[in-house]
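So you can see what is in the structure, the chains are spelled out below.
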Amino acid sequence: MQESTFEVIVLGLGAMGAASLYQLAKRGVKVAGIDRFAPPHELGSSHGATRITRQAVGEGAAYVPLALRSHQLWRELEAERGVSLFEQCGVLIMTATATATSHHGRPDFTRTTLELARRYGIAHEEWDGPTIRQRFPQFQVADDALGYFEPGGGYLYPEACIQAQLDGARERGAQLFTDTVIDRLEQDANGVILHSAQGRWRAKRVVVAAGMWSAELLGAPFDKLLRVCRQTLHWFEVVEPERFPVDSPSFILAHGSGDSDLFYGFPPLPGEGSMKVATEQYEDNTTPIGIDRSLHPEESSRLFSDQVGRWIDGLGPRVLRSAVCAYTVTPDFGFIVDEHPAMPGVTVVSACSGHGFKHSAALGEALAQRVTEGRSDLDLSSFSLARFG
């Protein structure tokens, strides 16, 4: 069987993999990228037309430098490729009432976001319920609601971000192998061998960014730390467009104390007549093979009746489009960025628990630095396996 040899191979070309491949290629590394599909695609976690990006990240201080650097890198990539990737429409994070709310395992998420914005000097405004309703009348929150408005936030176009980085990597000499399933990793004295029905690849270093396929491929301890949760995205019809100012923001609206007591969304995009809204669930686990990719009408109707219709005016219950994606989740909802404890030369960047895309540009840069220089400008220690004991 023919064997191809590279300095580095990136396995998985979604958000993290595409960014890592691009940054490695920029540094002149002989690098290849491998994906079981043909990215960008809708069979993983890095799709859905839009993804929220924000600078003050309530999940914790370790994420803020990643978000700040990613915003710089998205603008650099836009200038290089001549494409639009980042819409800076602002982001509004709010509670529906005075109830402190949890998100991604962080209690009082909105208040934590405010505190981090102050600590890092991120431009923002703190709003109460009447101010939220006056500024953006689509949000019908209570008077005692708490709002954090960040004008520097907004949303990314995930498929365009991935395509731009893959194109940039390919132009710098990176080789891409798509529709290629890697069955297993093997080590010998010369590095890591990747086995597939289509062939074998060898590299000194491998970056695994395989998302929900990571646990099966990597084995212990990842098989015990990672779980896959099916998520759905819904585009509800806009029936009162006058409710939505032209400068409407991306948003996260929390209305209870649990991690699933929230939904998030985006401003209606021109010409679509709909608004993308989604919630998150962490109770029902699935597998890459077993994930239900069909959409069920009761999912959208339940989201509208239980959440969206209660707190947003101007939308109707009719769904114009829906999609399925998957979150690969760790026990603490944090990232894993670390070396495989049993496979020297294998770096894992996976399980971003549903909030990774906005950080991916900076993580790709940090991983490229780590692989080529042995260290990264940004501190990644908070994402190590050691925290799980």
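What counts, and where the lines are drawn
Throughout this document, residue positions are counted from 1 along each chain, in the order its sequence is written. Local features in this predicted model are restricted to residues whose pLDDT is 70 or higher, and side-chain atom pairs enter the listing and the counts only when it is 80 or higher, whereas totals over whole chains, interfaces and linings include all residues. Heavy atoms throughout the structure, all of them, feed into the side-chain values; hydrogens and water do not. Each residue is placed in one exposure class: buried if its accessible area under a 1.4 Å probe, protein chains only, is under 20% of its type's maximum, exposed if it is over 50%, and partly exposed if it falls in between. Comment: elements are numbered from the N terminus, with helices defined as DSSP H or I runs of at least four residues and strands as E runs of at least two. A pair of strands counts as paired when DSSP detects no fewer than two bridges linking them. In plain words, nonpolar cores are sets of buried Ala, Val, Leu, Ile, Met, Phe, Trp, Tyr and Cys residues tied together by side-chain atoms within 4.5 Å. Contacts were defined at the residue level, with two residues in contact if any of their heavy atoms lie within 4.5 Å. Within this scheme a cavity is a closed region of a 1 Å grid, computed over the protein atoms alone, that accommodates a 1.4 Å probe without allowing it to escape, whereas a pocket is open but has protein on both sides within 12 Å along at least five of seven lines; lining residues each have an atom within 4 Å of a point. Grid points are joined across faces, edges and corners, and a volume is the space filled by probe spheres set on the points. Amino acids are sorted into nonpolar (Ala, Val, Leu, Ile, Met, Phe, Trp, Tyr, Cys and Pro), charged (Asp, Glu, Lys and Arg) and polar (every other residue, Gly among them). UniProt positions are given in the numbering used here, feature names are shortened, and annotations may be inferred rather than shown by experiment.

1. A look at the pairing of strand β7 (residues 146-150)
Across the five residues that make up β7, a large majority, five, are buried. The alternating pattern of β7 places Leu146, Tyr148 and Glu150 and Gly147 and Phe149 on opposite faces, both of which are buried. Where strand β5 (residues 91-95) meets β7, four bridges bridge the pair, whose relative direction is antiparallel. Following the sheet pairing, valine 91 is matched in β7 by glutamate 150. Where strand β6 (residues 125-128) lies against β7, four bridges are found, and the strand directions are antiparallel. Bridging from a neighbouring strand, glutamate 126 pairs with tyrosine 148 of β7.

2. Points about the nonpolar core
Within the largest apolar cluster, 74 residues are counted, with the highest numbers of intra-cluster contacts made by Leu21, Leu24, Val31, Trp74, Tyr264 and Val337. Other than its neighbours up to four places away in sequence, valine 337 contacts Val348, Val349, Leu363, Leu367, Arg370, Leu380, Phe383 and Ser384.

3. A few points about empty space enclosed by the protein
By the definition in use, this model includes two cavities of 30 Å³ or more. Here the largest cavity defines a volume of roughly 220 Å³. If you trace the largest cavity, you find 17 residues lining it, with Ile52, Tyr264, Gly354, His355 and Lys358 closest to the centre. For the lining of the largest cavity, the secondary structure elements donating two or more residues are β3 (51-53) and β18 (315-329). The residue makeup of the lining of the largest cavity, split by class, is eight nonpolar, five polar and four charged.

4. What about the environment of serine 301?
Positionally, serine 301 belongs in helix α8 (residues 297-311). Each C-alpha atom of the pair serine 301 and tyrosine 282 lies 19 Å from the other, and the pair is 19 residues apart in sequence.

5. Describing the UniProt feature "domain: FAD dependent oxidoreductase" (unreviewed entry) in the protein
Mapped onto this structure's residue numbering, the UniProt feature "domain: FAD dependent oxidoreductase" (unreviewed entry) falls at residues 8-370. Across residues 8-370, helical content stands at 27% and strand content at 30%; the span's end C-alpha atoms are separated by 12 Å.

6. Examining the sheet that holds strand β4 (residues 86-87)
With antiparallel pairing, the three strands of this open sheet are ordered in space as β3-β8-β4. What marks the edges here is a single partner per strand, and that holds for β3 and β4. One ladder, built from two bridges, connects β4 with strand β8 (residues 154-156); its direction is antiparallel. Among the inter-strand pairings, phenylalanine 86 is bridged to a residue of β8, identified as leucine 156.

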